[in-house]
Amino acid sequence: MGIAEGTAQLNTGALIPLIGLGTVTRNLNDEEIKAAVTTSLQVGYRHFDTASFYGTEHALGEALNSAFRSGIVNREDVFVTSKLGNTEHDDPIAAIKNSLKSLQLEYVDLYLIHWPVKMRTRILFSQPKEEDFLPLDIKSTWQGMEQCMETGLTKAIGVSNFSSKKIEDLLSYAKIPPAVDQVEMHPLWQQKKLRECCSKHNIHVSAWSPLGAPNNPWGSNVVIDNPLIQEIAEKHGKTRAQVILRWGVEQGVSVLPKSFNAGRIAENFQIFDWSLTLDDHGKISKLKQGKISTGQKFVNSTTSPYKTIEELWDGEI
Ligand code: A2P
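First, a word on scope: everything that follows refers to the structure included in this document. Worth saying up front: this structure is predicted, and the values here are computed from it rather than measured. (Residues numbered from 1 in each chain as written. Predicted model: local features only at pLDDT ≥ 70, side-chain atom pairs only at ≥ 80, totals over all residues. Heavy atoms only, no water.)

Observations regarding the overall build of the protein chain
Along its length, the protein chain carries 11 helices and 10 strands. Its C-alpha atoms give the protein chain principal-axis dimensions of roughly 50 × 45 × 35 Å. Counting across all 317 residues of the protein chain, residues that qualify as buried make up 55%. Across the protein chain, contacts joining residues at least 24 apart in sequence account for 70% of those joining residues at least 6 apart. In the protein chain, the 33 positive side-chain charges and the 37 negative ones have mean positions that sit 2 Å from each other. (Helix = DSSP H or I, 4+ residues; strand = E, 2+ residues; numbered from the N terminus. Buried < 20%, exposed > 50% of the residue type's maximum accessible area, 1.4 Å probe, protein only. Contact = heavy atoms within 4.5 Å. Lys, Arg positive; Asp, Glu negative; His and termini not counted. Charge placed at Lys NZ, Arg CZ, Asp CG, Glu CD.)

Structural notes on the site of the ligand
For the ligand, the set of nearby residues contains 17 residues, the closest of which are Leu211, Lys258, Ser259, Arg264 and Asn268. Taking Leu211, its main chain carries an N or O atom lying 2.8 Å from an oxygen atom of the ligand. Between Asn216 and the ligand, the recorded distance is 3.0 Å, taken from a side-chain N or O atom to an oxygen atom. When grouped by side-chain class, the residues that make up the shell around the ligand number eight nonpolar, six polar and three charged. (Near = heavy atom within 4 Å. Polar contact = N/O pair within 3.5 Å; in protein donor to acceptor, adjacent residues only side chain to side chain. Nonpolar A, V, L, I, M, F, W, Y, C, P; charged D, E, K, R; others polar.)

A closer look at the nonpolar core
One broad trend across soluble globular proteins is that nonpolar side chains are buried collectively. Judged by nonpolar contacts, the single largest core of 80 residues is most densely connected at Val37, Phe48 and Leu64. Among residues more than four places away in sequence, those in contact with Val37 are Leu21, Phe48, Leu60, Ala63 and Leu64. (Core = buried A, V, L, I, M, F, W, Y, C linked by side-chain atoms within 4.5 Å.)

As for the pairing of strand β7 (residues 157–160)
Neither face of β7 is left uncovered, since the one carrying Ile157 and Val159 and the one carrying Gly158 and Ser160 both have all their residues buried. In this sheet, β7 lies alongside strand β6 (residues 110–113) in parallel orientation, the contact comprising three bridges. Counterpart to Leu112 in the pairing with β7 is Gly158. Two strands pair when backbone bridges link them, and β7 and strand β8 (residues 180–184) are joined in this way by two bridges, in the parallel orientation. Each residue of the ladder has a partner; that of Val159, found in β8, is Asp181. (Pairing = 2+ DSSP bridges.)

Remarks on unusual backbone geometry
In this structure, Gln191 takes a positive phi of about 60 degrees despite not being glycine. Assignment of secondary structure puts Gln191 in the loop between β8 and α6 (192–200).

Let's talk about the environment of Ile72
Tracing the backbone shows Ile72 in the loop between α2 (57–69) and β5 (79–84). What makes Ile72 partly exposed here is its relative accessible area of 44%. Separated by 30 residues in the primary sequence, Ile72 and Gln42 have C-alpha atoms spaced 8.1 Å apart.

A short note on the pattern of salt bridges
Per the stated rule, a full pass over the model turns up 16 salt bridges. Among the salt bridges present, the one from Lys34 reaches Glu62, with a minimum N-O distance of 3.6 Å. Taken together, the positions of Lys34 in helix α1 (residues 30–43) and Glu62 in helix α2 put the pair 28 residues apart, joining distant regions of the chain. Exposure remark for Lys34: the relative accessible area of 18% places this residue in the buried category. Here Glu62 falls in the partly exposed class, since its relative accessible area comes to 27%. When the shortest N-O distance is used, the salt bridge between Glu184 and Lys291 registers 2.8 Å. (Salt bridge = Lys/Arg side-chain N within 4 Å of Asp/Glu carboxyl O.)

A closer look at the sheet that holds β5
Pairing within the open sheet is parallel, and its eight strands lie in the order β3-β4-β5-β6-β7-β8-β9-β10. What marks the edges here is a single partner per strand, and that holds for β3 (21–22) and β10 (254–256). With three bridges joining them, strand β4 (residues 47–49) and β5 adopt parallel strand pairing. Of the residues in β5, the one forming a bridge with Phe48 is Val80.

A word on the pairing of β8
In terms of residue burial, β8 counts as a mostly covered element, since five of its five residues are buried. Traced from β7 through helix α5 (residues 164–173) to β8, the parallel crossover comes out right-handed. Pairing analysis gives five bridges linking β8 to strand β9 (residues 204–208), with the strands arranged parallel. Paired with Val180 across the two strands is His204, which belongs to β9. Crossover connection from β8 via α6 to parallel β9: handedness right-handed. (Right-handed = clockwise from strand over helix to strand, strands pointing away.)

Regarding helix α10 (residues 278–285)
Buried within α10 we find Asp280, His281 and Ile284. Each buried residue of α10 sits inside an arc of 95 degrees when the element is viewed along its axis, so together they form one side. Of the surrounding secondary structure, the elements contacted by the buried residues of α10 are α7 (227–236) and α8 (240–250). (Arc of directions from axis to C-beta.)

A word on the side chain of His281
Relative to the elements of secondary structure, His281 occurs in helix α10. Polar side-chain contacts of His281 include one of 2.5 Å to the side chain of Glu250. Among the polar contacts listed, one links the side chain of His281 to the side chain of Gln251, at a separation of 3.3 Å. When neighbours within four sequence positions are excluded, His281 is seen to be in contact with Trp247, Glu250, Gln251 and Leu276.

Okay, here's the thing in structure tokens:
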């Protein structure tokens, strides 16, 4: 366990690999997703992140099961995360069973509440309407998540996109504490307050969009194009993506970069045999902060539990 081994330990005792392949995509087909997963397995990735919302569980499951059959890896060698969709809060057991069916797996290693938001309809990338929102009851959703773990359908449970306040609220009634909070995190959104809270409660943090999602409509190139990142990359003879991902794992979080390009999948994995300096960390820690993905679409003044973005993130934005 540790950066040298490429893993961190969850509060369940299980090890989570520090780099995982993110699989959300807007326009790839199943064959391209399967190819990316197969390449990742060959390169050495053992951690894959999906969600019912992404529509990639089936392709991921096909690629993993094909690798199990051909003996490239065993089921227990890979760490698979999926997430409870916003429309699935009423019945986490039924939801995880659907995910497992798509994944062709008997269990996932981690199952997360995707957003602290409950919706009537599955909205992909557009703006939800007022009637799409339902009243949120995280306490009862969490009880369902606990049942998912108690019945062995997942080895660990956690949350995603939860502020420190939402974590503290959850801990006040949880029988099983969350093992992970998966959030946007990169050098321009370092999540210092949330990570302090999670560290205090032995909750591991995973970083989604660790590169800031360059060249994506929901992301930005500001992280990868940051001049300081460029300067540090040149100094170490590494790429900017490698500096950003190495910074993440040196902060103790697991990083979930998405790539469907074989060269970049391999590049992103080369972050374990070199390190950043204290000086690099000092400079990166001073970068001006700004969240890229604000969750604006989950905010409205009538039916959403959050009237403003500040309410969604409990002021932590
Ligand atoms: P591609 O699939 O063409 O490699 P994030 O993980 O922060 O959400 O960012 C995902 C985006 O970053 C994807 O569009 C991916 O494009 C791109 N990407 C992934 N790895 C790299 C890299 N090493 N260098 C530049 N862009 C990358």
